[in-house]
Amino acid sequence: MKISISYPPLTSNKGIPLLAQNRQFQWFNNPTYIYPMIPAYAATMLKQNGFDVIWDDAIAGELSYHQWLERLKREKPDIIAIETKTPVIKRHWQIIDELKTLSSDLRPQASDPWPLTCILMGDHVTALPEESMRNSKVDFVLTGGDYDFLLVNLCKYLKNLQPSATNLQPPASNLQPPASNLQPELSPGIWYRDNDEIKNTGMHELNHDLNNLPFIDRELTKWQQYSIKNGNFKRTPGTYTMAGRDCWWGRCTFCSWTTMYPGKNFRSVSPERLLDEIGILIKEYGVREVFDDSGTFPKGEWLETFCKGMIERGYNKKIYMGGNMRINALSQDEYDLMAKAGFRFVLFGLESVNQHTLDKLQKSLKVEQIAEGFKMAKKAGLEPHVTTMVGYPWETKKDAEETINFAREMFRKGYLDTLQATIVVPYPGTPMFEEAKKNGWLLTEDWDRYDMRESVWRSPVTGEDVKRLTQGLYKAALNPRFIVRKLFSIRNIDDIRFLWMAGRKLMGHLTDFNPQKITQIDTDKKLQTKKSV
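Notes on the structure in this doc start here. (Residues numbered from 1 in each chain as written. Predicted model: local features only at pLDDT ≥ 70, side-chain atom pairs only at ≥ 80, totals over all residues. Heavy atoms only, no water.)

## As for the packing of aromatic side chains
(1) Moving on: Applying the stated criterion across every chain yields a total of 22 aromatic pairs.
(2) Moving on: On the basis of an interplanar angle of 55° and a centroid distance of 5.8 Å, the ring pair of Phe 291 and Phe 345 is categorised as tilted. Here Phe 291, found in strand S13 (residues 289-292), pairs with Phe 345, found in strand S15 (residues 343-351); they are 54 residues apart in sequence, far enough to count as distant. Here the two residues Phe 291 and Phe 345 agree in accessibility, since each one is buried.
(3) Moving on: Here Tyr 335 and Phe 348 contribute two aromatic rings whose centre-to-centre distance is 6.5 Å and whose plane-to-plane angle is 80°, an arrangement assigned as edge-to-face. (Phe/Tyr/Trp six-rings, centres within 6.5 Å; stacked < 30°, edge-to-face > 60°. Helix = DSSP H or I, 4+ residues; strand = E, 2+ residues; numbered from the N terminus. Buried < 20%, exposed > 50% of the residue type's maximum accessible area, 1.4 Å probe, protein only.)

## With respect to the pattern of salt bridges
(1) Moving on: Tallied over the entire structure, the rule returns 34 salt bridges.
(2) Moving on: In this structure, Asp 446 engages Lys 90 in a salt bridge whose closest nitrogen and oxygen atoms are separated by 2.8 Å. Here Asp 446, found in the loop between helix H14 (431-439) and helix H15 (463-475), pairs with Lys 90, found in helix H3 (residues 89-101); they are 356 residues apart in sequence, far enough to count as distant.
(3) Moving on: Taking relative accessible area as the criterion, Asp 446 reaches 24% and is therefore assigned partly exposed.
(4) Moving on: Take Lys 90: its relative accessible area is 27%, and that puts it in the partly exposed class.
(5) Moving on: Among the ionic pairs, Glu 445 bridges to Lys 437, the shortest N-O distance being 3.1 Å.
(6) Moving on: A relative accessible area of 41% places Glu 445 in the partly exposed class.
(7) Moving on: Three or more residues joined by partner-sharing salt bridges are found here, namely Asp 146, Asp 148, Arg 245 and Arg 267. (Salt bridge = Lys/Arg side-chain N within 4 Å of Asp/Glu carboxyl O.)

## Here's the deal with the packing of helix H9 (residues 300-312) against helix H10 (residues 332-340)
(1) Moving on: Relative to each other, H9 and H10 sit at 30°, their axes nearing to 8 Å. The angle between the axes of H9 and H10 places the two elements in the roughly parallel class. Relative to H10, H9 is oriented so that their crossing is left-handed. Contacts between H9 and H10 involve Gly 300, Leu 303, Glu 304, Cys 307 and Ile 311 on the former and, on the latter, Glu 334, Leu 337, Met 338 and Lys 340. (Axes fitted to C-alpha atoms, helices over the stretch in contact; angles between N-to-C directions. Parallel < 35°, antiparallel > 145°, perpendicular 65-115°, else oblique. Left-handed = near helix turned anticlockwise from the far one by under 90°. Contact = heavy atoms within 4.5 Å.)

Okay, structure coming up:
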């Protein structure tokens, strides 16, 4: 059985989609490709279980839609599994329906009774699984964050249901296992069709032991496609690891991955296992920088053991490390240890400096802790990066400008090195979305427009101002003191390349949020205003 793990090309005048391994979808004019860890684990486990696996990321591979279809026709997979997100779900429905129509071209053998089987997985379908079953010809939906384990389970199940010469029954219309102790049972969390009825195997579970995962087959999953065009890497080639699923806090009301990974279910590999993986990346692949994409990197004794292991094994002299961390989670001694262990880059989720906003987002963070957290990380020699958002329904323009002024001050003082700004979007399945529905804040439920290029809910700030404020956050770094400090920090060619790339990405982001690009929602608001007048 041949399985394709696919990211179909998604053409748009908005840019390149940042979809894989991303908690907040964006279109980028200057592309960034993030290594999709969970699908990569799925591909590796499928190969270990004897399946023929195709790694089919046409976005990172920069293929056209025609080139992608032609490749599928050549490969003729039995199963196509696609990770999806809210802003592209409707596009994926259309693609799946087209693939089903082209099934005879993809599976042309007259003697083969099996149709092309299509699978969707990810945060949006975890929140709204039945929606995709009703709006497309998708065969299966995998819910929850352990969709790598679920995909392997489902493929093994379908393989055991392959028809004999006397019993030609397609799997999607009959999922009852034969009387055999060797037949694997379907795991909880899978939605499927039984003739015209939509069924599921129950609520997904997050009980898999991550230490039982194999090390990812990086060659199979074409890791080099993601090793250069990525703003997280100062040294290249770089790659990703994922120590935990996903964030030990796991309560932020806006995060789409809390749908798949509530904090109460946080699991991690052992420090020793991650150290072994980093050793492989250094020795076998020549990796020079690693970003661990756990929602928040493990802390406490786990962090201490890992850092001391990096130092004892000498990896701290061979590789840079980066990861996500909560601003108020660590002490100065812990930041110092991380720096000695080879950490260069630490990413903080700030979101706002308005205390009311931080409380509503359940950040468990006080405004007065923010600057101190940045200062400690910087004092240790780390390079802090911060994520921020604008466009909350309860924030005024003045509130948003306070966040911009704060970011500008942090750059001026040298406490921050880089920043990412976005327009806040309430994703289905999150507490923020439920709050928006309850309060009547939503302007639309057209998922195409949940792509951070416009505000999709009512706000005291206009759509043009939201974009202008987002640009203002990016411009916060553009002060003479910060620029001079960066120029004097150049020590080698990696520093020059990184600053050049950062500059290009900054200009791309300023284009991403151009206030002159009027959105449909802006137009709708103006029409409604004219009618009311």
